[in-house]
Amino acid sequence: MVWISLMLVGMGFLLLWIWTNSPKNKGSAPILRGLENSTFEKNTNVTESTIREFSVLFAAGSSQLEKQSMDSLRFHFNSGILSQIEYVTLIGSADASGNLAKNRRLVKERVLIVEKNLVSWGISKDKIKKSFLDPIYGRSPESRRLLRSVQIQYKIET
């Protein structure tokens, strides 16, 4: 069994040697080996789009942004990035505790508050997509707090 394996490996090396030394394939192996060092690869730039996502939180029963959420909004939409934004998606949500109609209204108000801030900073309204989720019940105080939010997804061109 060992002899058969050695013969197959040897035969493989022999075929490789014949292929690389044949006149028809002269020069093809060096081109492939040298491709990684070619100037084509060094000078090629690929433009990528980056999608980022974060959430801003609101106080219970209101459409007022928490202070740290406002800071986060300003951080993500600083003046250096505003011109690179391709689109922004705002997804509003709320906890269903209490009056359902009031919570639905809060979802819309929260999204509109975030949109208002973005527009005041120079983002065009046509670049902003809005989505309003139906309120759902949070199982814990922390999950209810996280549901009082607007999730923000935005795409920048780099």
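Predicted model only: the values in this text are computed from it and were never measured.

(A) Structural view of the nonpolar core. Core analysis: the largest hydrophobic core is formed by 21 residues, its most contacted members being Leu-73, Phe-77, Val-88 and Ile-152. For this core, the secondary-structure elements that each account for two or more residues are strand 1 (49–57), helix 4 (67–76), strand 2 (85–93), helix 5 (100–120) and strand 4 (149–157). If we skip the residues at most four places from it in the chain, Phe-77 touches Phe-54, Leu-82, Ile-85, Val-88, Leu-118, Trp-121, Ile-123, Ile-152 and Tyr-154.

(B) Molecular detail of helix 5. Look at helix 5: 30 Å from first C-alpha to last across 21 residues, which is about the 30 Å you get at 1.5 Å a residue. Regarding helix 5, the residues found buried are Asn-103, Leu-106, Val-107, Arg-110, Val-111, Val-114, Glu-115, Asn-117 and Leu-118. Angular distribution of buried residues about the axis of helix 5 spans 165°; they occupy a single face of the element. For helix 5, exposure combined with an orientation more than 90 degrees from the buried face picks out Ala-101, Lys-116 and Ser-120. One side-chain oxygen of the residue at the start of helix 5 lies 2.8 Å from the amide nitrogen of Ala-101, identifying that residue as Asn-99. One or two residues past the end of helix 5 sits Gly-122, with phi positive at roughly 115°.

(C) Fine view of the environment of Lys-108. Its location among the elements puts Lys-108 in helix 5. With relative accessibility at 46%, the residue Lys-108 sits in the partly exposed group. Each C-alpha atom of the pair Lys-108 and Phe-132 lies 6.4 Å from the other, and the pair is 24 residues apart in sequence.

(D) Up close: the pairing of strand 3 (residues 128–132). Pairing geometry for strand 2 and strand 3, over 5 bridges, is parallel. Of the residues in strand 3, the one forming a bridge with Thr-89 is Lys-129. Handedness of the strand 2-helix 5-strand 3 crossover: right-handed.

(E) Expanded view of the confidence of the model for the protein chain. On average, residues of the protein chain score 79 in pLDDT, and 68% of them reach the 70 mark or higher. Confidence drops under a pLDDT of 50 for residues 25–47, and excluding neighbours within four residues, the segment shows 9 contacts in the predicted structure.

(F) Representation of the packing of aromatic side chains in the model. Evaluated as defined, the whole model comprises 3 aromatic pairs. Relative to Phe-77, the ring of Phe-54 has its centre 6.1 Å away and its plane inclined at 50°; by these criteria the two rings are tilted. Placement of Phe-54 in strand 1 and of Phe-77 in the loop between helix 4 and strand 2 is noted, with a sequence separation of 23 residues between them. Each member of the pair, Phe-54 together with Phe-77, is buried. Ring geometry for Phe-54 against Tyr-154: centres 6.2 Å apart, planes inclined by 85°, an arrangement best described as edge-to-face. In this pair, Phe-54 is assigned in strand 1 and Tyr-154 in strand 4, connecting sequence segments 100 residues apart. For the pair shown, Phe-54 and Tyr-154 are each scored as buried. One aromatic cluster is present, built from ring pairs that chain together Phe-54, Phe-77 and Tyr-154.

Thresholds, definitions, all that
- Residues numbered from 1 in each chain as written.
- Predicted model: local features only at pLDDT ≥ 70, side-chain atom pairs only at ≥ 80, totals over all residues.
- Heavy atoms only, no water.
- Core = buried A, V, L, I, M, F, W, Y, C linked by side-chain atoms within 4.5 Å.
- Buried < 20%, exposed > 50% of the residue type's maximum accessible area, 1.4 Å probe, protein only.
- Helix = DSSP H or I, 4+ residues; strand = E, 2+ residues; numbered from the N terminus.
- Contact = heavy atoms within 4.5 Å.
- Expected span 1.5 Å × (residues − 1).
- Arc of directions from axis to C-beta.
- Polar contact = N/O pair within 3.5 Å; in protein donor to acceptor, adjacent residues only side chain to side chain.
- Pairing = 2+ DSSP bridges.
- Right-handed = clockwise from strand over helix to strand, strands pointing away.
- pLDDT = per-residue confidence, 0-100.
- Phe/Tyr/Trp six-rings, centres within 6.5 Å; stacked < 30°, edge-to-face > 60°.

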